[in-house]
Amino acid sequence: MIELETTEAGPSRRQFLQGTGAAVTATALTGFAASDTPAAELQPGGGGQVPAVGPGAAKITLNVNGRDVQTSVEPRVTLLDALRNYLDVTGCKRVCDRATCGACTVMLDGKVVYSCTMLAIEAQGKAIRTAESLYNDGKADAIPVAFARTDAQQCGFCTPGFVVAMKAVLEANPQATPAEVERGLQGNICRCGTYEQMRDAIYSLCNTKRV
Amino acid sequence: MKNFAYFRPTTPEQAVALLEARWGNTEMLAGGTDLLTLQKQYIAQPARVVSLNAIGGLKTIAVGERSASIGAGVTLATISSHADLRRLFPALTMAASEIGGPQIRNMGTLGGNLCQRNRCWYFRDEHSPCLLRGGNSCSAIEGENKYHAIFTQNHRCVIASPSTLATGLIALGASAEVLGPQNRRRNVELAKFYTAPVGPNDREHSLAANELVTSVTIPVRGLNSAAYEVRQRQASDWPIVQVAVAFSGGRNGEKATGVRIVLGQVSPTPLLSETAARALEGRPINEANATAAGRAAVEGAKPLGQNGYKIRLVEVAVKRALMLAAGLPRYWEA
Ligand SMILES: Cc1cc2nc3c(=O)[nH]c(=O)nc-3n(C[C@H](O)[C@H](O)[C@H](O)COP(=O)(O)OP(=O)(O)OC[C@H]3O[C@@H](n4cnc5c(N)ncnc54)[C@H](O)[C@@H]3O)c2cc1C
Ligand code: FES
Ligand code: FES
């Protein structure tokens, strides 16, 4: 085991801000608002001019389903909780809260992630899409329609996660085969076990006959 | 989760300056797929979190003639779909493509994967006694241990090494580029990167708390390589046993040389099996020789009360990984 000591204590954030009046610059550079609670005391390792955010609530801007929305959260708030509890976007569900079930799946710049296992503050600057984005101008996307037709849900709690994961696969590759769509659902679990009906939905979306 | 102050440095040097010499008060955050869960369970309770996600330099892949370098911040999804890496290092990319589901692969990073904490359920339950959380004994030795180590000699804590990328990278002779305070850089062979932890001030690896993995370098040597894992569930879980192998030659009756066979999920650190390598060195890879290497790999195993079954799994996984790397028929899929 190697023991390394940090000998150089950088200037505290407060000193730095006072000394240079650079609060605005630092914020503009990183795109992150400094928090309401100064955290200079919490900075034993130094770190130069990197501003601390929190532990108090800080303003964040999220781009949710094509719209910029603002709220104020502590750094520990996950993207899932920010969406559901601060922004009232409740399509994404909280089930395991441990990155294993997929009920909280959202797209971030077109790629699926578990919103329960990402900090809201880290989702800034990305295009976030939830199941709500699959309903526009009074019309549902082909995926939820296929789910309804094939009766591919029971309690429905897992469904928003599954449809978002499916949308991500089919958007990236509209020619995806049923096997490829299924691989895209590896990270989602349905406790009611509606997998067979979901397979029917997948085959109909891929215009493939199920044998 | 305990609340914390959040930092978002833009260079590795800034990140290192924010770290502390002791573990615990400050943690680095990459994809968060391990750290956030540990925080929710109060196993990790940092007062400060240093995000590595705004450091552009950690996200590059460079493939040269003699070596390839993969930034610590590169995601598992990028590794598993990268054409050059797939061609050169199947032991790495095969394992990367089997981790979790697409969400984990989109979020999880190489650095986080190599530095992830172990999966022992006593370690991850704040109410169970655990050496690694300051307890006096390891609950797994006499307790529920069906997923724990089977090479338990001299180990007071019997966790199983979790990373399925570490095994392949060790087989391929990779090393980690590490940055510490005062701009100190060092290169650590991954074969020497892991240490068996025994207390709360230890991690599963040998980094100091104020060191950061910036990238992983893999020599380009034209090795044949592969990884094989035995899983209870196809997705969203760690394998029960995993084996990565690499060697020169070995195909079509040619002798295999420089054989490296690495066992995962069977001891507190990934295990480079010298007995298995010796059984194969200088021989062609065929089913009989691969079977013999599998047998040699489990020599000396000392399983716990509930995990003797892993011995047979290791034997078979070694054999199949070797056959995959040698391009032999996958008899088990027939
Ligand atoms: C359902 C599920 C299934 C999984 N299956 C597998 C599997 O089969 N095989 C496997 O290998 N893994 C598996 N994993 C684990 C997964 O691969 C890791 O959680 C992930 O790779 C960690 O990366 P991250 O970027 O999210 O790390 P984080 O959670 O951000 O960090 C993990 C740890 O590494 C440290 N760290 C991160 N980056 C660095 C760095 N650059 N330098 C030093 N320290 C660093 C952090 O401080 C933290 O302690 C699975 C996870 C889940 C949830
Ligand atoms: S709630 Fe996020 S994966 Fe289960
Ligand atoms: S429909 Fe109930 S969990 Fe999937």
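Because the structure is a prediction, the values reported are computed rather than measured. (Residues numbered from 1 in each chain as written. Chains lettered and ligands numbered in written order. Predicted model: local features only at pLDDT ≥ 70, side-chain atom pairs only at ≥ 80, totals over all residues. Heavy atoms only, no water.)

## Quick look at the overall build of chain A
Counting secondary structure elements, chain A contains seven helices and eight strands. Burial analysis of chain A (211 residues in total) assigns 47% to the buried set. Relative to all contacts within chain A whose residues are 6 or more apart in sequence, the contacts with residues 24 or more apart total 51%. In the form shown here, chain A has an accessible surface area of approximately 10300 Å², with 50% of it arising from carbon and sulfur atoms. (Helix = DSSP H or I, 4+ residues; strand = E, 2+ residues; numbered from the N terminus. Buried < 20%, exposed > 50% of the residue type's maximum accessible area, 1.4 Å probe, protein only. Contact = heavy atoms within 4.5 Å. Areas by Shrake-Rupley, 256 points an atom, 1.4 Å probe, with all protein chains shown as cover.)

## Things to note about helix α11 (residues 287–297) of chain B
Residues and elements named next belong to chain B. Buried residues of α11: N289, A290, A293, G294, A296 and A297, and no others. Each buried residue of α11 sits inside an arc of 165 degrees when the element is viewed along its axis, so together they form one side. Turned more than 90 degrees away from the buried face of α11, the exposed residues are A288 and R295. Contact partners of the buried residues in α11: β11 (256–264), α10 (274–280) and α12 (309–325). Looking at where α11 begins, the residue whose side-chain oxygen comes 3.2 Å from the main-chain nitrogen of A288 is N286. (Arc of directions from axis to C-beta. Polar contact = N/O pair within 3.5 Å; in protein donor to acceptor, adjacent residues only side chain to side chain.)

## Quick look at the interface of chain B and chain A
The interface is formed by 53 residues belonging to chain B together with 49 residues belonging to chain A. Buried area between chain B and chain A, both sides added, is near 4000 Å², and the carbon and sulfur share of it is 57%. At the surface where chain B touches chain A, the tally comes to two salt bridges. Linking E122 of chain A and R8 of chain B is a salt bridge whose minimum nitrogen-to-oxygen distance equals 3.1 Å. Applying the counting criterion to the chain B and chain A interface returns 16 residue pairs in polar contact (both at pLDDT 80 or more). Of all the secondary-structure elements, those providing two or more residues to the side of chain B that touches chain A are β1 (5–7), α1 (12–18), α2 (35–40), β3 (48–51) and α6 (102–107) of chain B. Broken down by element, the side of chain B that touches chain A gets its largest block of residues, six residues, from α6 of chain B. Residues belonging to the side of chain B that touches chain A are distributed by class as follows: 22 nonpolar, 20 polar and 11 charged. (Buried area = accessible area lost by both parts, 1.4 Å probe. Salt bridge = Lys/Arg side-chain N within 4 Å of Asp/Glu carboxyl O. Nonpolar A, V, L, I, M, F, W, Y, C, P; charged D, E, K, R; others polar.)

## Concerning the sheet that holds strand β5 (residues 67–71) of chain B
Residues and elements named next belong to chain B. The sheet built from five strands is open, its strands ordered β4-β5-β8-β6-β7 with antiparallel pairing. Lying at the two open borders of the sheet, with one neighbouring strand each, are β4 (61–63) and β7 (185–189). Across the sheet, the axes of successive neighbouring strands diverge by a mean angle of 20 degrees, strand direction being ignored. The pairing of strand β6 (residues 175–179) with β7 spans five bridges and is classified as antiparallel. Bridged to S175 within β7 is E189. (Pairing = 2+ DSSP bridges. Axes fitted to C-alpha atoms, helices over the stretch in contact; angles between N-to-C directions.)

## Quick look at the packing of helix α5 (residues 90–97) of chain B against helix α9 (residues 164–171) of chain B
Residue and element names in this part refer to chain B. Where α5 contacts α9, the two axes come as close as 8 Å, and the packing angle between them is 175 degrees. Between α5 and α9, the interaxial angle falls into the category roughly antiparallel. Residue-level contacts link A91, L92, A95 and A96 of α5 to T164, L165, G168 and L169 of α9. A class-by-class count of the residues in the contact of α5 with α9 yields six nonpolar, two polar and no charged. (Parallel < 35°, antiparallel > 145°, perpendicular 65-115°, else oblique.)

## Details of the side chain of R117 of chain B
All names here are of chain B. Mapped onto the elements of the fold, R117 is located in the loop between α7 (110–115) and α8 (139–142). Looking at R117, the relative accessible area reads 11%, which means it is buried. Of the polar contacts made by the side chain of R117, one reaches the backbone oxygen of D202; its length is 3.5 Å. The residues touching R117, leaving out its near neighbours within four places in the chain, are D34, L38, F123, R124, L132, P162, D202, R203 and E204.

## Let's talk about the site of ligand 1
Residues and elements named next belong to chain B. Among the 35 residues in the neighbourhood of ligand 1, the closest are listed as M28, G31, T33, L35 and T109. For ligand 1, an oxygen atom lies 2.7 Å from a polar atom in the backbone of A30. The greatest single-element share of the shell around ligand 1, amounting to four residues, is contributed by α7. Along the lines of polarity and charge, the residues of the shell around ligand 1 split into 17 nonpolar, 14 polar and four charged. (Near = heavy atom within 4 Å.)

## Structural notes on the environment of T150 of chain A
All names here are of chain A. Assignment of secondary structure puts T150 in helix α4 (residues 142–150). Linking T150 and Y86, residues 64 residues apart in sequence, is a C-alpha distance of 34 Å. When sequence neighbours within four positions are dropped, the list of residues in contact with T150 reads Q197, D200 and A201. Within the structure, T150 has its side chain in polar contact with the backbone oxygen of A146 (distance 2.8 Å).

## Considerations on the sheet that holds strand β12 (residues 271–272) of chain B
Residue and element names in this part refer to chain B. Pairing is antiparallel across the open sheet formed by four strands, whose spatial order is β9-β10-β11-β12. Sheet topology places β9 (224–230) and β12 at the edges, where each strand pairs with a single neighbour. The pairing of β9 with strand β10 (residues 241–249) spans seven bridges and is antiparallel. Bridging from a neighbouring strand, N224 pairs with F247 of β10.

## Observations concerning the confidence of the model for chain A
Regions with low pLDDT should not have their predicted coordinates read in detail. On average, residues of chain A score 83 in pLDDT, and 77% of them reach the 70 mark or higher. Ignoring residues within four places in sequence, the model shows residues 1–46 of chain A, a span with pLDDT below 50, making 86 contacts including any to other chains. (pLDDT = per-residue confidence, 0-100.)

## Side note on the nonpolar core
When a protein is soluble and globular, its nonpolar side chains tend to lie buried together. Core analysis: the biggest nonpolar cluster contains 91 residues, and L62 of chain A together with L165 and L169 of chain B have the highest contact counts within it. The contacts of L62 of chain A, once residues within four sequence positions are left out, are R67, D68, V69, L79, A82, L87, A120, A123, Q124 and I128 of chain A. Counting residues in hydrophobic clusters, the runner-up holds 34 residues, among them A226, A277, A297 and M323 of chain B. (Core = buried A, V, L, I, M, F, W, Y, C linked by side-chain atoms within 4.5 Å.)

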